[in-house]
Amino acid sequence: MDLRGRGAYGAVYRARDATGAHTVALKLALHPRDERFAREAELLSRIHHPAVPRLRASGFWQPGKGPPHPYLAMDWVEGSPLYDWASEHCPTSRQVLRLLARLARALEATHAAGGLHRDVKGHNVLVREADGLAFLMDFGASHYVGAATQTSSPFPPGTPAYRSPEAWRFVASADGAAPLPYAPGQADDLFALGVTAYRLLTGRYPPSTHPDVEESRFWHTEGARAPSACEANARCAPELSHLVSRMLSPCLRMRGSARELAEALEHAALRAGPAADVPLFPLGRTRSDASQWQRAAPYRPRRTRWPWVAILGLGGPLVLSIGWRPRAGAAVEMAPTPNALSAEAADGGTVAVGDSVFAAPVATAQTPSVWSTISLDLPPKPFPGQTRPDSSGRCPRKVHVPIHGGCWVKLAVDPKDCAEDGYVYKGDCYLPAFPSARPATSSPAHCPAPH
């Protein structure tokens, strides 16, 4: 078993199933309370599409001590994150049209299953080394019809740089009142795919949609038009630029459905002229040369042998070799990159369980054992929806203790007797504090009339 990355909420390993016939991505929760694993497993079990890794198993792993931790096992994709792949291969517009069509088909299957991805972005797309096919990854921030609402913040989980303008308009319409949670739709996934495509083609994000940023006026003025990739990169074929602008339309109705978008992309890939076969950047130059290009250094794992993980059936037990530790050097290595950014800055922020697996290094000196990876230590960041301190650093109730950006309740118990949902911090047991639940329904976001 090979540790490939870890974040605030989970760790991802490359492993084998019980038969030894399949390589899987094994995603283990760091905390037993994390209900996103069950949501992700449920949605993945409903999606059957070649561009979405198949769910092989899900369930709970029982450590030697403490409550069980959820896990997922999916088909392993040996590839590179989208932006890294593009920098290395410098694709043509026709290649990008086909790649985007495949991702749109993956979203079509997700939407047909009653789900939303909610975190489409470059680092959640892997391009397989063997054949250049794209895969939509990491459904840790996903949602589906009938799933319980897990957060009460104005926005559901998502990456701010990819958030749609109608989402910000909905929150702004509250006029200072506490807003109901924004209910994203299929058009939000398509907008995020448009941001992904625009950055892929130009090396930078389109104008920010955040209303506190000056350039957001671009989206919220009367008669606003979507940005054009052609204007930022003259090598982009007109057919591709037009479809990216369609995904980025300020009005969600103009984006259409994932199926309509996929059909348009597939048609354009077949009909586009010779300009679509020109590399998107001059030979000998990559997107990493662009002044605005931001990406994390590609991971370069050592070729090491790793023991197998036995996963017996969907929802079945997980068997780990007791006391196993990765040998020195088995951690993910980073290629030397002078301007390498943190995983959070590399793609506008990360939110999902498996985010940054291929962008965030695991330092060799800090490589955890299987047992230390699945621990009950207090997480470095607050849970989604957890009560947080105000600007002065104080929590709303006297019984709350501010730690790591969240509010916690200290229990007067020995750490060894910490409750199932408790977390140990500096020798004491704590429970996360959550506000009273708000209504989960909301009216549709306002959309200006098309122009």
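That block above? That's the structure.
All of these numbers come straight from a predicted model, not from anything done at the bench.

**Thoughts on the overall build of the chain**
Logical step 1: Helix and strand content of the chain: eleven helices and 16 strands.
Logical step 2: Within the chain, the fraction of its 451 residues that count as buried is 52%.
Logical step 3: When contacts within the chain are restricted to residue pairs at least 6 apart in sequence, those whose partners lie at least 24 apart make up 70%.
Logical step 4: Per element, the accessible surface of the chain, about 20,400 Å² overall, is 53% carbon and sulfur.

**Notes on the packing of aromatic side chains**
Logical step 1: Applying the stated rule across the entire model yields five aromatic pairs.
Logical step 2: Both rings, one in phenylalanine 170 and one in tyrosine 182, keep their centres 5.5 Å apart while their planes meet at 55°; by these two values the pair is tilted. Of the two residues, phenylalanine 170 is situated in helix 4 (residues 165–172) and tyrosine 182 in the loop between helix 4 and helix 5 (186–202); the sequence distance between them amounts to twelve residues. Here phenylalanine 170 and tyrosine 182 have matching classes, each one buried.
Logical step 3: Aromatic side chains tyrosine 425 and tyrosine 430 sit 6.2 Å apart centroid to centroid with 70° between the ring planes, which places their arrangement in the edge-to-face category.
Logical step 4: On the accessibility criterion, tyrosine 425 (21% relative accessible area) is partly exposed.

**With respect to the packing of helix 8 (residues 238–247) against helix 9 (residues 258–271)**
Logical step 1: Remark: helix 8 packs on helix 9, axes separated minimally by 10 Å, with the N-to-C direction vectors making an angle of 170°. Considering their axes alone, helix 8 and helix 9 lie roughly antiparallel with respect to each other. Of helix 9, the residues touching helix 8 (which contributes Glu239, Leu243, Arg246 and Met247) are Glu260, Leu261, Ala264, Leu265 and Ala268.
Logical step 2: The residue inventory of the contact of helix 8 with helix 9, partitioned by class, reads six nonpolar, no polar and three charged.

**Quick notes on helix 2 (residues 82–89)**
Logical step 1: Of all eight residues that make up helix 2, six are buried, and the element is covered over most of its length.
Logical step 2: The set of residues buried in helix 2 consists of Leu82, Tyr83, Asp84, Trp85, Ala86 and Ser87.
Logical step 3: In the core, the buried residues of helix 2 are packed alongside strand 6 (79–81), helix 3 (93–112), strand 8 (125–128) and helix 5.

**Some remarks on the pairing of strand 2 (residues 10–16)**
Logical step 1: Buried residues dominate strand 2, accounting for five of its seven residues.
Logical step 2: Pairing between strand 1 (residues 2–6) and strand 2: four bridges, direction antiparallel. Bridge assignment links aspartate 2 to a residue of strand 2, and that residue is arginine 14.
Logical step 3: Where strand 2 and strand 3 (residues 23–29) come together, seven bridges link them in antiparallel fashion. Residue pairing across strands places glycine 10 opposite alanine 29, the latter belonging to strand 3.
Logical step 4: Joining the antiparallel neighbours strand 2 and strand 3 is a turn of six residues, in which glycine 20 adopts a positive phi near 80°.

**Some thoughts on the nonpolar core**
Logical step 1: Ranked by internal contacts, the top residues of the largest apolar core, which has 60 residues, are Leu100 and Leu193.
Logical step 2: Among the elements that take part in this core, helix 3 stands out by supplying ten residues, more than any other.
Logical step 3: For leucine 193, the contacting residues outside a window of four places in its chain are Leu100, Leu103, Ala104, Leu107, Val120, Met247 and Leu261.
Logical step 4: The next biggest cluster of nonpolar side chains, apart from the first, holds eleven residues, and it includes Ala11, Ala57, Tyr71 and Ala73.

**Some details on the pattern of salt bridges**
Once the charged atoms of two side chains with opposite charge are near each other, the side chains can pair.
Logical step 1: Applying the stated criterion to the full structure yields 15 salt bridges.
Logical step 2: Through salt bridges that share partners, Lys27, Glu40 and Asp138 make up one connected network.

**What to know about the state of the cysteines**
Logical step 1: Evaluated as defined, the whole model comprises one disulfide.
Logical step 2: Cysteine 395 shares a disulfide with cysteine 407; S-S distance 2.1 Å. Disulfide cysteine 395-cysteine 407: the torsion about the S-S bond is -100°, which places it as left-handed. Taken together, the residues cysteine 395 in the loop between helix 11 (370–373) and strand 13 (400–403) and cysteine 407 in strand 14 (residues 406–411) connect sequence positions twelve residues apart.
Logical step 3: Given a relative accessible area of 14%, cysteine 395 falls into the buried group.
Logical step 4: Unpaired in terms of disulfides, cysteine 230 finds its nearest cysteine sulfur in cysteine 236, a separation of 4.6 Å.
Logical step 5: Overall, the relative accessible area of 24% leaves cysteine 230 in the partly exposed class.

**What about the sheet that holds strand 8?**
One key point about sheets: their strands pair by backbone hydrogen bonds, in either a parallel or an antiparallel sense.
Logical step 1: Spatially, the three strands line up as an open sheet ordered 6-8-9, and their pairing is antiparallel. Every interior strand has two partners, whereas the edge strands, strand 6 and strand 9 (134–136), have only one. Across this sheet, the average inter-strand angle for adjacent strands is 30°, counted without regard to direction.
Logical step 2: Judged from the three bridges that link them, strand 8 and strand 9 form a sheet pairing that is antiparallel. Bridge assignment links valine 125 to a residue of strand 9, and that residue is leucine 136.
Logical step 3: The strands that helix 2 touches are strand 6 and strand 8; relative to strand 6, the one it contacts most, it runs at about 105°.
Logical step 4: Contacts from helix 3 reach strand 8 and strand 9, with the element oriented near 25° to strand 9.

**Comments concerning the sheet that holds strand 15 (residues 423–425)**
Logical step 1: Spatial ordering of the open sheet is given by 13-14-16-15, a layout of four strands whose pairing is antiparallel. Taken across any chain shown, the strands that pair with only one partner, and hence form the sheet edges, are strand 13 and strand 15. Between one strand axis and the next, the sheet turns by 50° as a mean value, whatever way the strands run.
Logical step 2: In terms of strand pairing, strand 14 meets strand 16 (residues 428–432) through four bridges, oriented antiparallel.

**Digging into the side chain of lysine 27**
Logical step 1: Along the chain, the position of lysine 27 falls in strand 3.
Logical step 2: Separated by 3.0 Å, the side chains of lysine 27 and glutamate 40 make a polar contact.

Procedures and definitions
Residues numbered from 1 in each chain as written. Predicted model: local features only at pLDDT ≥ 70, side-chain atom pairs only at ≥ 80, totals over all residues. Heavy atoms only, no water. Helix = DSSP H or I, 4+ residues; strand = E, 2+ residues; numbered from the N terminus. Buried < 20%, exposed > 50% of the residue type's maximum accessible area, 1.4 Å probe, protein only. Contact = heavy atoms within 4.5 Å. Areas by Shrake-Rupley, 256 points an atom, 1.4 Å probe, with all protein chains shown as cover. Phe/Tyr/Trp six-rings, centres within 6.5 Å; stacked < 30°, edge-to-face > 60°. Axes fitted to C-alpha atoms, helices over the stretch in contact; angles between N-to-C directions. Parallel < 35°, antiparallel > 145°, perpendicular 65-115°, else oblique. Nonpolar A, V, L, I, M, F, W, Y, C, P; charged D, E, K, R; others polar. Pairing = 2+ DSSP bridges. Core = buried A, V, L, I, M, F, W, Y, C linked by side-chain atoms within 4.5 Å. Salt bridge = Lys/Arg side-chain N within 4 Å of Asp/Glu carboxyl O. Disulfide = S-S within 2.5 Å. Polar contact = N/O pair within 3.5 Å; in protein donor to acceptor, adjacent residues only side chain to side chain.

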